[in-house]
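One-letter residues, chain by chain:
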Amino acid sequence: MSEVLVLVDHVDGEIKKVTFELLTAARQIGEPSAVVVGSPGTAAKLKESLAAYGAAKVYVAESDDATGYLVTPKVDVLAALVEKAAPAAVLVAATADGKEIAGRLAARTGSGLLVDAIGIENTAGSGDGAVVVAVQSIFGGAFVVKSKSNKGTPIVSVRPGGLEAEQAQGAAAEEAVDVPAADAAKSARITGQEPIVGGDRPELTEASVVVSGGRGVGSAEQFEVVEKLADAFGAAVGASRAAVDSGYYPPQFQVGQTGKTVSPQLYVALGISGAIQHRAGMQTSKTIVAVNKDAEAPIFEIADFGVVGDLFAVAPQLTEEVGKR
Ligand code: FAD
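In the annotation of an unreviewed UniProt entry, the entry for the chain reads Electron transfer flavoprotein subunit alpha/FixB family protein, and the organism field reads Actinokineospora xionganensis. Here is the UniProt Sequence similarities (unreviewed entry) comment for the chain, exactly as written: "Belongs to the ETF alpha-subunit/FixB family."

Under the counting rule described, the total for this entry stands at 16 salt bridges. In this structure, Lys47 and Glu174 form a salt bridge, with 3.5 Å as the shortest nitrogen-oxygen distance. Pair noted here: Lys47 is in helix α2 (residues 42-52) and Glu174 is in strand β11 (residues 173-176), with a separation of 127 residues, a long-range link. Close ionic contact of Arg241 with Asp245 constitutes a salt bridge, the shortest N to O distance being 3.4 Å. Of this pair, Arg241 and Asp245 both sit in helix α7 (residues 241-245), four residues apart, which is roughly one turn of that helix. Each member of the salt-bridge network shares a partner with another, and the members are Glu3, Lys57, Lys84 and Glu175.

Here the focus is the packing of aromatic side chains. Under the counting rule described, the total for this entry stands at three aromatic pairs. Consider the rings of Phe20 and Tyr53, whose centres lie 4.1 Å apart with planes at 20°: the pair is stacked. Placement of Phe20 in helix α1 (residues 17-26) and of Tyr53 in the loop between α2 and β5 (57-62) is noted, with a sequence separation of 33 residues between them. On the basis of relative accessibility, which here comes to 12%, the residue Phe20 falls in the buried class. Residue Tyr53 is classed as buried on the basis of its relative accessible area of 15%. Cluster of aromatic residues (ring-pair linked, three or more members): Phe223, Tyr249 and Phe253.

Next up on the list: a nonpolar patch on the surface. Residues Phe139, Phe143 and Val145 make up a contiguous nonpolar surface patch of about 320 Å² in total accessible area. Locating Phe143 in the fold gives a position in strand β9 (residues 143-147). Given a relative accessible area of 49%, Phe143 falls into the partly exposed group.

In contact at an axis separation of 9 Å, helix α6 (residues 224-233) and helix α10 (residues 311-324) are set at 20° when each is read in the N-to-C sense. It follows that α6 is roughly parallel to α10 by the angle criterion. Here α6 and α10 pass one another in a crossing that is left-handed. Together, Val225, Lys228, Leu229, Ala232 and Phe233 of α6 and Leu311, Phe312, Ala315, Pro316, Leu318, Thr319, Val322 and Gly323 of α10 make up the contact between the two elements. By residue class, the composition of the contact of α6 with α10 is 10 nonpolar, two polar and one charged.

Looking at the secondary structure, you find Val225 in helix α6. By relative accessible area, which is 13% here, Val225 ends up buried. Residues Val225 and Gly213 lie 12 residues apart in sequence; the distance between their C-alpha atoms is 8.9 Å. Once you skip the residues sitting within four places of it in the chain, Val225 turns out to touch Leu311, Phe312, Ala315 and Pro316.

Rules used in this analysis
Residues numbered from 1 in each chain as written. Predicted model: local features only at pLDDT ≥ 70, side-chain atom pairs only at ≥ 80, totals over all residues. Heavy atoms only, no water. UniProt positions renumbered as here; feature names shortened; annotations may be inferred. Salt bridge = Lys/Arg side-chain N within 4 Å of Asp/Glu carboxyl O. Helix = DSSP H or I, 4+ residues; strand = E, 2+ residues; numbered from the N terminus. Phe/Tyr/Trp six-rings, centres within 6.5 Å; stacked < 30°, edge-to-face > 60°. Buried < 20%, exposed > 50% of the residue type's maximum accessible area, 1.4 Å probe, protein only. Patch = residues over 30% accessible without salt bridge, like charges linked within 9 Å, V, L, I, M, F, W, Y side chains within 5 Å. Areas by Shrake-Rupley, 256 points an atom, 1.4 Å probe, with all protein chains shown as cover. Axes fitted to C-alpha atoms, helices over the stretch in contact; angles between N-to-C directions. Parallel < 35°, antiparallel > 145°, perpendicular 65-115°, else oblique. Left-handed = near helix turned anticlockwise from the far one by under 90°. Contact = heavy atoms within 4.5 Å. Nonpolar A, V, L, I, M, F, W, Y, C, P; charged D, E, K, R; others polar.

So this is what it looks like as structure tokens:
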């Protein structure tokens, strides 16, 4: 069966949910090999969960250099593995870093780049010789298209939250690989890291509950009503683009076509109309709850539960009820 490389997305040895989605997608094409690039000891912490999502092999690329630079060590390791293992494809999360890694890797290996996939198919059927097809959602989710690469090893960036992760036991056999020494003169070095707003809340694309606010929230100060409900759930906070553009909430929390894609168990939309570009980033959420004072708001077309009412009356009551449980 063809080998498929999956770049493991982790922060300080804590695995990101998108990695499980990548491993699930890789199984559509062949046998997933997880590639862990990190400081010494990282792979040991991740191995069990990688095995639980079907990693047949774990390439361990550990060195102090691996975490000291932005993307270059990961590109170096993946490029060396593409040459050595001749995989059917390389899957990388379509995050800010992942997109850069995928682009650089495609250029380095002379391969085709398939961006922002929400699914992967193998049109060759089972066995060797996979034909990798990326499924992509375009024009704010209005169309689904499929694309394939005609050159080299397909490098695919996969949208976090775009597909459902499913468990499958894998052997996770370890194989050590070298991290080429970084060229300090040419590589961007990390000199410091500071957490940004969001505090102890889960990361938006990782959270099982997301509470988002829209223009209806009215001001940055009033976003507190969204945060309070989020904190009662232990949820992440999201925002519509209108809320971000109005300066109510920082841009990294934007959900939608030009923001992040989320697919939590529960998505609560407060004062969000439900424009197609917003829906593109959240419509695969398992349960959608909307609070909007306009009964005709399009968000109610996709909501599982809707409350027609003033969010400033409804959200605090919800917060109180959730807080009691
Ligand atoms: P509005 O559409 O203004 O809706 C506000 C809602 O709040 C209304 O339905 C109103 O009835 C309700 N409301 C007001 N007061 C209250 C209250 N007190 N209680 C309850 N309800 C209340 N948008 C995104 O979100 N994400 C994207 O990534 C994104 N990308 C885009 C990309 C492109 C190329 C374009 C053209 C647009 C994009 N947009 C995106 C913008 C999108 O088209 C909408 O303009 C935006 O989603 C609207 O945000 P909103 O629902 O918060 O605001």
